[in-house]
Amino acid sequence: MNSVEDKLATARIKLAEAKAVIIGAGAGLSAAAGLDYSGEKFKKEFADYIQRYGFSDLYSSSFYEFPTEEERWARWARHIDYIRFRPNAMPLYKELHRLLTDKNYFIITTNVDAQFRKAGFNPEKIFEVQGDYGIMQCAVGCHPKLYSDKETVKQILAHSLNLTVPSEYIPVCPVCGGNMDVHVRKNKYFIQDKTWNQAAEKYENFMNRYANHQKIVLLELGIGFNTPAIIRYPFEQITLQNPQATLIRLNAEFPYGPPETAARTISFTENMNEIIQKLNQTNK
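Owing to the predicted nature of the structure, the values given are computational and were not obtained by experimental measurement. (Residues numbered from 1 in each chain as written. Predicted model: local features only at pLDDT ≥ 70, side-chain atom pairs only at ≥ 80, totals over all residues. Heavy atoms only, no water.)

Trainee: Where do I start with unusual backbone geometry in this structure?
Mentor: Glycine aside, residues mostly have negative phi angles, and peptide bonds mostly take the trans form. With a phi angle near 65°, Ala114 is a residue other than glycine that sits in the positive phi range. You will see that Leu163, though not glycine, has its phi angle at about 65°, which is positive. Checked against the element boundaries, Leu163 lands in the loop between helix 9 (150-159) and strand 6 (180-184). (Helix = DSSP H or I, 4+ residues; strand = E, 2+ residues; numbered from the N terminus.)

Shown next as structure tokens:
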């Protein structure tokens, strides 16, 4: 098996030669960056919720059936602020931007924390397929408009007490008068508005131009098996069908794919921060 240094050297060559780099990013990237959904930071930040409701992690707590909107939005406001509004661009994302800033790239991500935009990546080259914690929508999708939730979150946090908030701070749909929800794909009501569809079209056009017959790198970062059909499986299929494609996969838990693509897959299970830093050292 190749050493880490050998794999880094090969990855450097492939990135330098690539006509395009397609980045696919999942929860593992943000976890490696330090956005903590289940560790010590989470346990400290949500200690009261853990004590009352027995939450084990931030992701699963998103699906808890609270009895009132006041309780549901009190939790969501803290969740959104903790992951989306409070953190600046994490160092790992900035290192990734440094690695790719002079490349012909496009990003598809299932993350909803806006870290790519915060780190300086071109918003016109990002497809956030699962939504954005900083946006809200009608809970039943009665109309296709999306709204910033920044001020709503701020007001809820300022007036929350005992894990609930007065009803006057709960957002209401301006069209149907019903509940609002975070713009995250979790049910059939997720709104794919004009901006979402434009991003999807740009990603599709980029893929059509480069993925099937050009010398490309598919840089897959922290993609597991929660929603593998969005990024992981398509990236493996492209690697299989395009003999000029190279899949660089950074994944501590699920580094390996089908044997048919093994010869053109470079897998790293090591610390993602260290690998990206070393790729920058060897590329610059």
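What follows continues from the structure just given.
Trainee: Sorry, what's going on with the sheet that holds strand 3 (residues 126-128) here?
Mentor: Sheets are built from strands paired through backbone hydrogen bonds, the pairs being either parallel or antiparallel. Spatial strand order, 3-2-1-7-8-9: 6 strands in an open sheet with parallel pairing. Across the chains shown, the open sheet's two edge strands, defined by having one partner strand only, are strand 3 and strand 9 (265-268). For this sheet, the mean inter-axis angle between neighbouring strands, taken without regard to orientation, is 15°. Strand direction decides the pairing type here: strand 8 (residues 245-250) and strand 9, joined by 4 bridges, are parallel. Each bridged residue has a counterpart across the sheet, and for Ile248 the counterpart in strand 9 is Ile266. Contacting strand 1 (20-25), strand 7 (216-221), strand 8 and strand 9, helix 1 (residues 4-17) crosses the sheet at an angle of about 130° to strand 9. (Pairing = 2+ DSSP bridges. Axes fitted to C-alpha atoms, helices over the stretch in contact; angles between N-to-C directions. Contact = heavy atoms within 4.5 Å.)

Trainee: Is there a simple way to explain the packing of aromatic side chains in this structure?
Mentor: The way to describe two aromatic rings as a pair is by their centre distance and the angle between their planes. Evaluated as defined, the whole model comprises 23 aromatic pairs. Seen from their ring centres, Tyr49 and Tyr53 are 5.9 Å apart, and the 20° between their planes marks the pair as stacked. Here Tyr49 pairs with Tyr53, and both are found in helix 4 (residues 47-53), just 4 residues apart, close to one helical turn. Taking the relative accessible area as the measure of exposure, Tyr49 reaches 1% and is therefore buried. Taking the relative accessible area as the measure of exposure, Tyr53 reaches 17% and is therefore buried. Plain terms: the ring middles of Tyr105 and Phe121 are 5.5 Å apart, the flat faces sit at 90° to each other, and that makes the pair edge-to-face. (Phe/Tyr/Trp six-rings, centres within 6.5 Å; stacked < 30°, edge-to-face > 60°. Buried < 20%, exposed > 50% of the residue type's maximum accessible area, 1.4 Å probe, protein only.)

Trainee: Help me understand helix 9 in this model?
Mentor: For the α-helix, the turn length of 3.6 residues means that residues three or four positions removed from each other point alike. Buried residues of helix 9: Thr152, Val153 and Ile156, and no others. The arc that holds the buried residues of helix 9, viewed along the axis, is 95°, so those residues lie on one side. Among the exposed residues of helix 9, those oriented more than 90 degrees off its buried face are Lys150, Lys154 and Ala158. Looking at the buried positions of helix 9, the neighbouring elements they touch are helix 6 (69-85) and strand 4 (131-138). (Arc of directions from axis to C-beta.)

Trainee: Honestly, a nonpolar patch on the surface in this entry has me stumped. Any pointers?
Mentor: A contiguous nonpolar surface patch, about 300 Å² in accessible area, is contributed by Phe225, Tyr233 and Phe254. Counting through the fold element by element, Phe254 comes out in the loop between strand 8 and strand 9. (Patch = residues over 30% accessible without salt bridge, like charges linked within 9 Å, V, L, I, M, F, W, Y side chains within 5 Å. Areas by Shrake-Rupley, 256 points an atom, 1.4 Å probe, with all protein chains shown as cover. Salt bridge = Lys/Arg side-chain N within 4 Å of Asp/Glu carboxyl O.)

Trainee: Explain the pairing of strand 8 to me, please; I cannot follow it from the model alone.
Mentor: A regular strand places its side chains on the two faces of the sheet in alternate fashion. With respect to burial, strand 8 is a largely interior element, 6 of its 6 residues being buried. Burial along strand 8 is two-sided: the face carrying Ala245, Leu247 and Arg249 and the face carrying Thr246, Ile248 and Leu250 are both buried. The parallel pair strand 7 and strand 8, bridged by helix 11 (residues 232-241), forms a crossover whose chirality is right-handed. (Right-handed = clockwise from strand over helix to strand, strands pointing away.)

Trainee: Would you explain the state of the cysteines in this entry?
Mentor: Working definition: the covalent bond between the sulfur atoms of two cysteines is a disulfide. For the structure shown, the criterion picks out 0 disulfides. Sulfur of Cys142: no disulfide; nearest cysteine sulfur belongs to Cys173 and is 3.6 Å away. Judged by its relative accessible area of 3%, Cys173 is buried. (Disulfide = S-S within 2.5 Å.)

Trainee: Can you help me understand helix 1 in this one?
Mentor: For helix 1, spanning 14 residues, the distance from its first C-alpha to its last is 20 Å, which sits close to the expected 20 Å at 1.5 Å a residue. Those residues of helix 1 not exposed but buried are Lys7, Leu8, Ala11 and Leu15. Projected down its long axis, helix 1 carries its buried residues within an arc of 100°, all on one side. (Expected span 1.5 Å × (residues − 1).)

Trainee: Teacher, can you tell me more about the nonpolar core here?
Mentor: Within soluble globular proteins, side chains that are nonpolar generally end up buried alongside one another. Membership of the largest hydrophobic core comes to 61 residues, with the highest contact counts inside it found for Leu96, Phe116 and Leu219. The biggest single contributor to this core is helix 6, with 7 residues. Apart from residues no more than four positions distant in its own chain, Leu96 is found in contact with Leu29, Phe116, Phe121, Leu219, Leu221 and Ile276. The next biggest cluster of nonpolar side chains, apart from the first, holds 23 residues, and it includes Val129, Ala211, Leu218 and Leu247. (Core = buried A, V, L, I, M, F, W, Y, C linked by side-chain atoms within 4.5 Å.)

Trainee: How do you make sense of the sheet that holds strand 4 when you look at a structure like this?
Mentor: Reading across the sheet, the 3 strands line up as 5-4-6 and stay open at both edges, with antiparallel pairing between neighbours. Two strands lie at the open edges of the sheet, namely strand 5 (147-148) and strand 6, each paired on one side alone. Bridge analysis of strand 4 against strand 6 gives 4 bridges, and the strand direction is antiparallel. Looking at strand 6, one finds that Gln137 is bridged to Asp181.

Trainee: Please clarify how the packing of helix 6 against helix 9 should be interpreted in this entry.
Mentor: The relative placement of two packed helices is expressed as an angle between their axes plus a distance between the axes. Orientation of helix 6 relative to helix 9, taken along the N-to-C sense of each, is 120°, at an axis distance of 9 Å. The angle between the axes of helix 6 and helix 9 places the two elements in the oblique class. As helix 6 runs across helix 9, the sense of the crossing is left-handed. Mapping the contact onto sequence places Trp73, Ala74, Ala77, Arg78, Ile80, Asp81 and Phe85 in helix 6 and Lys150, Val153, Ile156 and Leu157 in helix 9. Within the contact of helix 6 with helix 9, the residues separate by chemical class into 8 nonpolar, no polar and 3 charged. (Parallel < 35°, antiparallel > 145°, perpendicular 65-115°, else oblique. Left-handed = near helix turned anticlockwise from the far one by under 90°. Nonpolar A, V, L, I, M, F, W, Y, C, P; charged D, E, K, R; others polar.)

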